[in-house]
Amino acid sequence: MEYRRVGSGGGWPATLDDVAAAIDHLAELEVDRAPLVAIGHSAGGHLATWAAGRGALPADAPGGTPKIAVTGVVSQAGVIDLTVAARTGVGGTAVPDLLGGTPEQVPDRYRIADPIGQVPLRAPVLCVHSRADDTVPFAQSTAYVAAAKRAGGAAELHAVPGDHFAVIDVKAPAWNVVRKALPLLLVGTLPPPA
């Protein structure tokens, strides 16, 4: 799916609204909607993980009252701890630009949009990330998985070789991790730790 990005009509709340609308549009189509696994890379990893937590959002929040539930997630080098990402400059000013300010300026937006603040999710989350990623720190995934497990959620991290883009290269070993995990995620389970 596509969504409006910052600088092209996106940001708060448009980007989140677009993702929610795209997923909810499935309710209007004659397609199998369950199970539904969301896969996203980098900012898309944030949005895929966020989408799985929509059911716990307030009804008036962007994405609140979902029509379709995401039942599994693959976050490929995802930015899934927005507060830390904003404070450490992951992507420069990408996170404050998306949410319209810093965690101190718009804390309510961070509470709604930050996947790490949504744990535990009902859906299992597989993080696939390279330790050598110099775009989105590996620590984004380690922090998320640790927080999810502490909260009683199902989450695993698979460290893979390569850089930030290896996780979306269908010829790279990292893609095999995703490919092999999909049948398990479709039945609500995670692959064993790598």
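A quick note: this is a predicted structure, and the numbers were derived from the prediction, not measured. (Residues numbered from 1 in each chain as written. Predicted model: local features only at pLDDT ≥ 70, side-chain atom pairs only at ≥ 80, totals over all residues. Heavy atoms only, no water.)

Asks: Any details on helix H1 (residues 14-25)? Residues and values, ideally.
Replies: For H1, spanning 12 residues, the distance from its first C-alpha to its last is 16 Å, which sits close to the expected 16 Å at 1.5 Å a residue. Along H1, the residues that are buried comprise Ala14, Thr15, Leu16, Asp18, Val19, Ala20, Ile23 and Asp24. Taken together, the buried residues of H1 touch helix H2 (43-52), helix H4 (94-99) and helix H5 (107-113). (Helix = DSSP H or I, 4+ residues; strand = E, 2+ residues; numbered from the N terminus. Expected span 1.5 Å × (residues − 1). Buried < 20%, exposed > 50% of the residue type's maximum accessible area, 1.4 Å probe, protein only. Contact = heavy atoms within 4.5 Å.)

Asks: Go over helix H6 (residues 139-150), please, and point to the residues and values.
Replies: The end-to-end C-alpha separation of H6 is 16 Å, in line with the 16 Å expected for 12 residues at 1.5 Å each. For H6, the set of buried residues is Gln140, Ser141, Tyr144, Val145, Ala147 and Ala148. Projected down its long axis, H6 shows its buried positions confined to an angular sector of 165 degrees, all on one face. Along its buried surface, H6 packs onto H2, helix H3 (82-88), strand S3 (125-130) and strand S4 (155-160). Phi for Gly152, located one or two positions after H6, is positive at around 90 degrees. (Arc of directions from axis to C-beta.)

Asks: Explain the packing of aromatic side chains to me, using residue names and the numbers behind them.
Replies: By the definition in use, this model includes zero aromatic pairs. Positioned above the aromatic ring of Tyr3 is the side chain of Arg5, whose terminal nitrogen or guanidinium carbon lies 4.3 Å from the ring centre. (Phe/Tyr/Trp six-rings, centres within 6.5 Å; stacked < 30°, edge-to-face > 60°. Lys NZ or Arg CZ within 6 Å of the ring centre and 35° of its normal.)

Asks: Just give me the short version of the environment of Thr83, but keep the residues and values in it.
Replies: For Thr83, the location among the structural elements is in helix H3. Measuring from C-alpha to C-alpha, the distance between Thr83 and Asp17 comes to 20 Å, with 66 residues separating the pair along the chain. Not counting the four nearest positions on each side in its chain, Thr83 is found in contact with Pro103, Tyr110 and Asp114.

Asks: Before we move on, could you go through the pairing of strand S2 (residues 72-76) and cite the residues and values that matter?
Replies: Of all five residues in S2, five are buried, a share of seventy percent or more. Here S2 shows no split at all, with Gly72, Val74 and Gln76 on one side and Val73 and Ser75 on the other all buried. Note: strand S1 (residues 37-41) against S2, five bridges, orientation parallel. Residue pairing across strands places Ala38 opposite Val73, the latter belonging to S2. As a crossover connection, the stretch from S1 through H2 into S2 is right-handed. Here four bridges tie S2 to S3, and the two strands are oriented parallel to one another. By the bridge assignment for S3, Val74 is matched with Leu126. (Pairing = 2+ DSSP bridges. Right-handed = clockwise from strand over helix to strand, strands pointing away.)

Asks: I'd like a description of the pattern of salt bridges, backed by residues and values.
Replies: In this structure the tally under the stated criterion is six salt bridges. Between Glu2 and Arg5 there is a salt bridge; the shortest N-O distance is 2.7 Å. Across the salt bridge formed by Glu156 and Lys149, the nearest N and O atoms sit 3.4 Å from each other. (Salt bridge = Lys/Arg side-chain N within 4 Å of Asp/Glu carboxyl O.)

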